[in-house]
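The residues making up each chain are set out below.
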Amino acid sequence: MNARIALGAAAAALALLLAGCSSPGGSSGTETSSGDDGYGMTSQTPEPSEEAPADGAALATSESSLGEIVVDGTGMTVYVFDKDAQGATTSACTGECIANWPAVTTESAEPAVEGVTGEVGTIDAADGSKQLTLDGWPLYTFAGDTSPGDVNGQGVNGVWWVVSPDGTKIAG
């Protein structure tokens, strides 16, 4: 009986923890209205990924359950955000959004890439760093991805998408 109570309490605590990870709608002037920062999990099952990119590569490609995708310099999946405007000079993801969807940054004006065919550039991030862009789209990783090859951010709230090597989002 005590084991059932403990299991129930653990399940309730987990549910509260996960509920706390979602964004409340519209406060503090950040891009979080209607929870659109999208901190949630999908049921994508990752396949084993390739090793992390070669030393110094800011972006590379890797095979995943979604096909060939772009990853950052540590092998983590890269995403684009529908609320960003292609070619914009700033990111639409700020505040709590950026805590859940960290910007992919670089210190180089001309970051090294491996296997990426789209045009790579940078914009100024809110913290003063350089955020990488691919075909004009700011790039992010997802706090819910814990290992290279994870694609847990794919399709979150219908606004977050894994990106292909040519810079197009992989929807669906």
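Here, the structure is the one placed above.
Treat the numbers as computed from the prediction; the structure is a model and nothing was measured. (Residues numbered from 1 in each chain as written. Predicted model: local features only at pLDDT ≥ 70, side-chain atom pairs only at ≥ 80, totals over all residues. Heavy atoms only, no water.)

J.: So what about the overall build of the protein chain? Which residues, and what values?
T.: Along the protein chain, the regular secondary structure elements total two helices and ten strands. Starting at the N terminus and walking to the C terminus, you meet the elements of the protein chain as α-β-β-β-α-β-β-β-β-β-β-β. The buried share of the protein chain, taken over its 172 residues, is 40%. Excluding contacts between residues fewer than 6 apart, the proportion of contacts in the protein chain whose partners are at least 24 apart in sequence is 62%. (Helix = DSSP H or I, 4+ residues; strand = E, 2+ residues; numbered from the N terminus. Buried < 20%, exposed > 50% of the residue type's maximum accessible area, 1.4 Å probe, protein only. Contact = heavy atoms within 4.5 Å.)

J.: Mind laying out the sheet that holds strand β9 (residues 160-163), listing which residues take part and the relevant values?
T.: Taking strand neighbours across the sheet as the criterion, the three strands line up as β3-β9-β10 in an open arrangement whose pairing is antiparallel. Only two strands of the sheet have a single partner each, and these edge strands are β3 (79-81) and β10 (169-170). As judged from the two bridges shared by β9 and β10, these two strands associate in the antiparallel manner. Pairing of V162 across the sheet is with I170, part of β10. (Pairing = 2+ DSSP bridges.)

J.: If you had to explain the nonpolar core to someone new, which residues and values would you point to?
T.: The biggest cluster of nonpolar side chains holds 17 residues, and the ones touching the most others in it are Y79, F81, C93, W101 and W160. Mapped by element, the contributors of at least two residues to this core are β2 (67-72), β3 and β9. Core analysis: the second largest hydrophobic core is formed by twelve residues, A58, V80, L134 and L139 among them. (Core = buried A, V, L, I, M, F, W, Y, C linked by side-chain atoms within 4.5 Å.)

J.: I'd like to hear about the layout of surface pockets, residue by residue, with values.
T.: When its volume is computed, the largest pocket comes out at roughly 200 Å³. Looking at the largest pocket, it is lined by 15 residues, and the ones nearest its centre are I98, A103, A125, A126 and D127. Of the residues that constitute the lining of the largest pocket, the class distribution is six nonpolar, seven polar and two charged. (1 Å grid on protein atoms, 1.4 Å probe; cavity = no way out; pocket = protein on both sides within 12 Å on 5 of 7 lines; lining within 4 Å. Points joined across faces, edges and corners; volume = space filled by probe spheres on them. Nonpolar A, V, L, I, M, F, W, Y, C, P; charged D, E, K, R; others polar.)

J.: Describe the pairing of β2, and please don't skip the residues or the numbers.
T.: Here strand β1 (residues 57-64) pairs with β2 via six bridges, running antiparallel. If you follow A60 over to β2, its bridge partner there is V71. Where β1 folds back onto β2 in an antiparallel hairpin, the turn is made up of two residues.

J.: Explain the packing of aromatic side chains to me, and be specific about the residues and the numbers.
T.: What describes a pair of aromatic rings is the distance from one ring centre to the other and the angle between the planes of the rings. If you walk through the whole model with that rule in mind, you get seven aromatic pairs. Geometrically, the ring pair formed by F81 and Y140 is edge-to-face, given 6.4 Å between the ring centres and 85 degrees between the ring planes. One end of the pair, F81, is in strand β3; the other, Y140, is in the loop between β8 (137-138) and β9, with 59 residues separating them in the sequence. Each member of the pair F81 and Y140 is classed as buried. Judged by centre distance (5.2 Å) and plane angle (90 degrees), the rings of Y140 and W160 are edge-to-face. Of this pair, Y140 sits in the loop between β8 and β9 while W160 sits in strand β9, placing them 20 residues apart in sequence. (Phe/Tyr/Trp six-rings, centres within 6.5 Å; stacked < 30°, edge-to-face > 60°.)

J.: Provide a residue-level description of unusual backbone geometry, including the pertinent values.
T.: Of note in the backbone geometry, D135 takes a positive phi value of approximately 50 degrees without being a glycine. Its place among the elements puts D135 in the loop between β7 (130-134) and β8. With phi around 50 degrees, N157 is a residue other than glycine that occupies positive phi space. In this structure, N157 sits in the loop between β8 and β9.

Interpretation note: all reported values are geometric properties and have no functional meaning in isolation.
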